[in-house]
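# Remarks on the overall topology
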Amino acid sequence: MESWKPTAGIILAAGAASRFGAPKLLQTWQGKPILHHVIETALQAGLSPLLLVVGANAHQIQQAACAYPVQIVSNPDWASGQATSIRAAVQALPAHVSAAVFLLGDQPRTPVELIDLLLLEQAASPHPILLPEAQGRPGNPTLFDRSTFAALMALTGDSGGRQLFTHFPPRKIPWPDPQVFQDIDTPDDYAQLIAGSSSEI
């Protein structure tokens, strides 16, 4: 018996993109900023509310997202690591939310179907953490049930939710294509993204 409950979306977009050398989420891919792809995917999957955590380049990121129904969560401590963004987002979640799907702002290839699969799996058989895996490689987005929220609020450092995997062993959800986990950390990564898009036409 499936049980559908409200699931929030949290897009982590607070990093400085120091290896890229510019606000990478504002770089264009397939005619629009990388960030727009991630936001639109989350909205199409029905994640609600949708939170966007900003830190470095906050004004530019907010301006880029202003046309979308997202809740901006400011993280003034972004430089201390990803855990600060996770804590800020979880703290901002309303009480009725039963789970949250965390997405990375620099992974524009995430398909709606992958989020749909996570939601379907959680509805059919709830689990503390659902982690997609392709060809043995774990990736994002990752679903965290409300039962993990207190632990997420206690995170420190820059390794994010992975710190919980020992206490809450994730259920791995198979996915066929590891390319959806591609993130954009450097100009070379961006060039590969553009090149990959061209080769698919």
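As annotated in an unreviewed UniProt entry, the protein chain is MobA-like NTP transferase domain-containing protein from Levilinea saccharolytica.

## A closer look at the overall build of the protein chain
The number of helices and strands found in the protein chain is six helices and 10 strands. C-alpha atoms of the protein chain, sized along the principal axes, occupy 45 × 40 × 30 Å. Burial analysis of the protein chain (201 residues in total) assigns 52% to the buried set. A fraction of 73% describes how many contacts in the protein chain between residues 6 or more apart in sequence connect residues 24 or more apart. Entry remark: accessible area of the protein chain is about 9300 Å², with carbon and sulfur atoms responsible for 53%. When the 11 basic and 16 acidic side-chain charges of the protein chain are each reduced to a single mean position, those positions are 6 Å apart.

## Some points on helix α4 (residues 112-124)
Given 3.6 residues to a turn, an α-helix orients residues that are three or four positions apart in the same direction. Over its 13 residues, α4 extends 18 Å from the first C-alpha to the last, a length consistent with the 18 Å expected when each residue adds 1.5 Å. Where α4 is concerned, the buried positions are V112, L114, I115, L117, L118, L119, Q122 and A123. Elements that come into contact with the buried residues of α4 comprise β1 (7-13), α1 (34-44), β6 (99-104), β7 (129-134), β9 (142-145) and β10 (171-174).

## With respect to the pattern of salt bridges
Overall, the coordinates contain four salt bridges when judged by the stated rule. The salt bridge involving K24 is made with D106; its shortest N-O contact spans 2.8 Å. Residue K24 is found in the loop between β1 and β2 (28-29), and its partner D106 is found in the loop between β6 and α4; the two are separated by 82 residues along the sequence. Residues K24 and D106 agree in their burial class; the two are buried. Residue K24 is joined to D185 by a salt bridge in which the shortest nitrogen-to-oxygen separation is 3.2 Å. With K24 in the loop between β1 and β2 and D185 in the loop between β10 and α6 (187-199), the pair connects residues that are 161 residues apart, well separated along the chain. Each member of the pair, K24 together with D185, is buried. Residues joined in a network through salt bridges with shared partners are K24, D106 and D185.

## Details of the pairing of strand β4 (residues 50-54)
Two faces, one strand: in a regular strand the side chains alternate between the faces of the sheet. Among the five residues of β4, five are classified as buried, and the element is accordingly described as predominantly covered. Of the two faces of β4, both are covered, the one formed by L50, L52 and V54 as well as the one formed by L51 and V53. The pairing of β1 with β4 spans five bridges and is classified as parallel. If you follow A13 over to β4, its bridge partner there is V54. Note that β4 and strand β5 (residues 71-74) share four bridges and pair parallel. Of the residues in β5, the one forming a bridge with L52 is I72. Handedness of the crossover is the feature at issue here: the chain leaves β4, passes through helix α2 (residues 58-65), returns alongside β5, and the resulting connection is right-handed.

## So, the UniProt feature "domain: MobA-like NTP transferase" (unreviewed entry) in the protein chain
When the UniProt feature table is mapped onto this chain, "domain: MobA-like NTP transferase" (unreviewed entry) is found at residues 9-166. Split by type, residues 9-166 is 30% helix and 23% strand. Its first and last C-alpha atoms lie 23 Å apart.

Calculation notes
Residues numbered from 1 in each chain as written. Predicted model: local features only at pLDDT ≥ 70, side-chain atom pairs only at ≥ 80, totals over all residues. Heavy atoms only, no water. Helix = DSSP H or I, 4+ residues; strand = E, 2+ residues; numbered from the N terminus. Buried < 20%, exposed > 50% of the residue type's maximum accessible area, 1.4 Å probe, protein only. Contact = heavy atoms within 4.5 Å. Areas by Shrake-Rupley, 256 points an atom, 1.4 Å probe, with all protein chains shown as cover. Lys, Arg positive; Asp, Glu negative; His and termini not counted. Charge placed at Lys NZ, Arg CZ, Asp CG, Glu CD. Expected span 1.5 Å × (residues − 1). Salt bridge = Lys/Arg side-chain N within 4 Å of Asp/Glu carboxyl O. Pairing = 2+ DSSP bridges. Right-handed = clockwise from strand over helix to strand, strands pointing away. UniProt positions renumbered as here; feature names shortened; annotations may be inferred.

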